[in-house]
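Tertiary structure, described
Spelled out, the chains give:
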Amino acid sequence: MNKQAFTKHRVLITPNNQPSGNIFSATSFPTIQFVLGSTQGMLDPRTLRLNYTLNVFQSDGTTRPVNDPTVAASATNGINFNSGTGSLATCDQINVSSMNGRNIETIQHYNRYVSTFTPNAENQFDLINTLTTGDCLVSSKNITTCRQMNVPTTHSVPLRTGFLSGSTPINLSQKGFHGLNLNIQLAQNQQALGCITTQRFSAFGAPEISLIQTTNTSYQYQLSNVFLTYDIYVPSDSVFASMPSSGTLVFNSINTLTSTLLANDSTTTLRLGLKNCLSVTHSFIPAIHMHNIKMDSMLLSRLSTGATGTTLGTNAPLNTVQYFKGGTLFPYNYILDSEEQAQDPTTIQAQILEPALHSVTLYDDSHHGMNPASTQYFGNIPASSASEKNEKYGASLAEHPDGTNFILGFPCDSQRVGIDYSRSDYAFRIQSGLNGATPFQFFTFARARNVAMYSPTGIEILE
């Protein structure tokens, strides 16, 4: 009888820096550290899950929310997580490195990255039937998630960094990466937590967002019973002996940059420094809404004027967008012009939005599909639920609460080879209806192709 070449093992590990009581929070023990030790096995990154129990309290540590979106806001009503990000809003930064200290990938503003990509890479059925099985605070129905904030909830969530999102097994042995270090930095309470966001539609079919904001701003979250699970495939002795002692692994990395948008005609230049850039994706939010528990810091806002610390403001038209490489228009040698569509809130700015969707969906390695209903006012299911929207557009049974889910961006190279920005600056020009009084925090996520070379002496990142 032939001996099985590989044997699957299910692994569970606890944090290396586990505090007394195993409780992590933004105010005490904000860093979670895991060590995936060197072992004679291959990590399946698709199976890696961060598991924990989530509790939300006021500053006294005992008073829980009593959310009810049908009544007015109060000291106990009006606190929630972003329904597209879920409990991953608590993760501000993730770092992956080798056991010899070589940095492989660092994603800053990881929670914002998740909120930018998830609604545009998942369809509505996956939001309900797949993602919510691991994170009950991820949903297309914000009213449901806000009620679950009232009780302890358990979560099992994937960590979708570029390195850990691939399908290629990662060799953890001395013939591979020698094991991995995984560090997670938790977000501040004022950034992770926010208000309850619900949506209704006007008589014209345009989305109108309603906010329920707690009068108590001392809420904080706690993660307890934290552990990491994953599968490894252990080769037989004969198979392991035949494996080469060195090799390469191609993976995508996510690079984060931030900037500010203020003027109605603004050009921003960024030094990406990437040799093989695959795509660039932008999302933005009024700066006054960041780190503001009265607002949703993860909301994918449209441009607006007159936003305050408790209001969204009035939508400002986005007229034209231009992307540059080294001072010349790239990858489109023309202006993305949707000025005419910007004047009508019920029309789609397809020339601007289609490249942005492609910047996400062309390079997503998960099994989920694009959700054409999450951007602007599309509905991907025939009219079947009662709402004003049915009269003109049809409505999905699972509407994402943020009907203004808005991103910018473009794919650099559909062949997945990448474009060299290491010697050329990247720039974008936006012409809009901003009045200079509302500064926007502008997030840029650049996806790049990298090659890691491993050998018995250690790890090197070649590109």
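Values in this document were obtained by computation on a predicted structure and should not be read as measured data.

Quick notes on the rules
- Residues numbered from 1 in each chain as written.
- Predicted model: local features only at pLDDT ≥ 70, side-chain atom pairs only at ≥ 80, totals over all residues.
- Heavy atoms only, no water.
- Helix = DSSP H or I, 4+ residues; strand = E, 2+ residues; numbered from the N terminus.
- Buried < 20%, exposed > 50% of the residue type's maximum accessible area, 1.4 Å probe, protein only.
- Contact = heavy atoms within 4.5 Å.
- Areas by Shrake-Rupley, 256 points an atom, 1.4 Å probe, with all protein chains shown as cover.
- Salt bridge = Lys/Arg side-chain N within 4 Å of Asp/Glu carboxyl O.
- Phe/Tyr/Trp six-rings, centres within 6.5 Å; stacked < 30°, edge-to-face > 60°.
- Lys NZ or Arg CZ within 6 Å of the ring centre and 35° of its normal.
- Pairing = 2+ DSSP bridges.
- Axes fitted to C-alpha atoms, helices over the stretch in contact; angles between N-to-C directions.
- Core = buried A, V, L, I, M, F, W, Y, C linked by side-chain atoms within 4.5 Å.
- Expected span 1.5 Å × (residues − 1).
- Disulfide = S-S within 2.5 Å.
- pLDDT = per-residue confidence, 0-100.
- Polar contact = N/O pair within 3.5 Å; in protein donor to acceptor, adjacent residues only side chain to side chain.

1. Some details on the overall build of the protein
Counting its regular elements, the protein contains seven helices and 24 strands. Within the span of the protein, comprising 463 residues, buried residues form 56% of the whole. The contacts of the protein with a sequence gap of at least 6 include a subset with a gap of at least 24, amounting to 77%. If you sum the accessible surface of the protein, you get close to 18500 Å²; carbon and sulfur atoms cover 50% of it.

2. A word on the pattern of salt bridges
In the structure shown here, the tally under the stated rule is five salt bridges. A salt bridge links Asp68 to Arg147; the nearest nitrogen and oxygen atoms lie 3.3 Å apart. Residue Asp68 is found in the loop between β4 (42-57) and β5 (91-98), and its partner Arg147 is found in helix α3 (residues 142-148); the two are separated by 79 residues along the sequence. Overall, the relative accessible area of 21% leaves Asp68 in the partly exposed class.

3. A closer look at the packing of aromatic side chains
This model, assessed by the stated rule, comprises 16 aromatic pairs. The interplanar angle of 45° and the centroid separation of 4.6 Å between the aromatic rings of Tyr113 and Phe117 together place this pair among those described as tilted. Taken together, the positions of Tyr113 and Phe117, both in helix α1 (residues 110-121) and four residues apart, correspond to about one turn of that helix. Phe117 matches Tyr113 in its accessibility class, with the two residues each being buried. Taking the centre distance of 6.3 Å and the plane angle of 80° together, the rings of Phe117 and Phe445 count as edge-to-face. Here Phe117, found in helix α1, pairs with Phe445, found in strand β23 (residues 440-455); they are 328 residues apart in sequence, far enough to count as distant. Judged on exposure class, the residue Phe117 and its partner Phe445 are both buried. In textbook terms, an aromatic cluster arises when at least three aromatic residues are bridged by ring pairs, as seen for Phe284, Tyr323, Phe406, Phe410, Tyr421, Tyr426, Phe428, Phe440 and Phe442. Between the NZ or CZ atom of Lys175 and the centre of the ring of Phe240, over which it lies, the distance is 4.7 Å. Above the ring of Tyr421, the side-chain terminus of Lys325 is found at 5.8 Å from the ring centroid.

4. Some details on the sheet that holds strand β9 (residues 180-186)
Taking strand neighbours across the sheet as the criterion, the four strands line up as β3-β9-β5-β6 in an open arrangement whose pairing is antiparallel. Pairing within the sheet leaves two strands with one partner each, and these edge strands are β3 (31-36) and β6 (103-108). Each strand of the sheet is rotated relative to its neighbour by a mean of 10°, with strand direction disregarded.

5. Here we look at the nonpolar core
Counting 69 residues, the largest nonpolar core has Phe34, Phe81, Phe163, Phe177, Leu180, Tyr221 and Leu228 as the members making the most contacts within it. No other element matches the seven residues that strand β12 (residues 220-235) contributes to this core. Setting aside chain neighbours within four positions, we find Phe34 in contact with Ile13, Thr14, Pro15, Leu50, Leu180, Asn181, Leu182, Ile184, Val226, Phe227 and Leu228. Counting 31 residues, the second-largest nonpolar core is a separate cluster that includes Cys277, Ala316, Phe406 and Phe410.

6. Brief notes about helix α7 (residues 350-361)
Each full turn of the α-helix corresponds to 3.6 residues, which orients residues three or four apart in the same direction. With twelve residues, α7 extends 16 Å between its outermost C-alpha atoms, agreeing within 8% with the 16 Å of an ideal straight helix rising 1.5 Å per residue. Within the sequence span of α7, burial applies to Ile352, Leu353, Pro355, Ala356, Leu357, Ser359 and Val360.

7. Quick look at the state of the cysteines
Under the defined criterion, the tally for this structure stands at zero disulfides. Looking at Cys412, it has no disulfide partner, and the nearest cysteine sulfur is the one in Cys277, 3.8 Å off. According to the relative accessible area criterion, Cys412 is buried, its value standing at 10%.

8. A word on unusual backbone geometry
Trans peptide bonds make up the majority, and among non-glycine residues the majority have a negative phi. In this structure, Pro331 follows Phe330 across a cis peptide bond, with omega equal to 5°. Relative to the elements of secondary structure, Pro331 occurs in the loop between β19 (328-329) and β20 (336-337). One non-glycine residue with positive phi stands out, namely Asn22, at about 55°.

9. Thoughts on the environment of Val114
Tracing the sequence through the fold places Val114 in helix α1. Given the relative accessible area of 8%, Val114 is considered buried. Residues Val114 and Leu88, 26 residues apart in the sequence, show an inter-C-alpha distance of 7.7 Å. Once you skip the residues sitting within four places of it in the chain, Val114 turns out to touch Gly84, Thr85, Leu88 and Pro119.

10. Things to note about the confidence of the model for the protein
For the protein, per-residue confidence averages 84 on the pLDDT scale, and 84% of positions sit at 70 or higher. Segment residues 367-403 is flagged for pLDDT under 50; beyond a separation of four residues in sequence, or across chains, it makes 112 contacts in the model.

11. Thoughts on the environment of Ala448
Topologically, Ala448 is positioned in strand β23. For Ala448, a relative accessible area of 3% corresponds to the buried category. Ala448 has contacts with Phe251, Asn252, Ser253, Asn255, Leu274, Asn276, Cys277 and Leu278, leaving out every residue within four places of it along the chain.

12. With respect to the pairing of strand β7 (residues 153-158)
On a regular strand, one side chain projects to one face of the sheet and the next to the other, so that they alternate. Residues Thr153, His155 and Val157 point to one face of β7 and are all buried, whereas Thr154, Ser156 and Pro158, pointing to the other face, are not buried. Examined bridge by bridge, β4 and β7 share six bridges and lie antiparallel to one another. Across the sheet, Arg49 pairs through a bridge with Pro158, a residue of β7.

13. Brief notes about the side chain of Thr268
Checked against the element boundaries, Thr268 lands in strand β14 (residues 265-270). Overall, the relative accessible area of 11% leaves Thr268 in the buried class. Setting aside its immediate chain neighbours within four residues, Thr268 contacts Ser259, Thr260, Tyr426, Ala427 and Phe428.

14. A few points about the environment of Ser297
Considering the arrangement of structural elements, one finds Ser297 in the loop between β15 (277-286) and β16 (304-305). Residues Ser297 and Ala287 lie ten residues apart in sequence; the distance between their C-alpha atoms is 9.2 Å. Excluding residues that lie within four positions of it along the chain, Ser297 makes contacts with Arg112, Gln190, Gln191, Ile285, His289, Met290, His291 and Asn292. Polar contacts involving the side chain of Ser297 include one to the main-chain carbonyl oxygen of His289, which spans 3.2 Å. A polar atom in the side chain of Ser297 sits 3.2 Å from the backbone nitrogen of His291.

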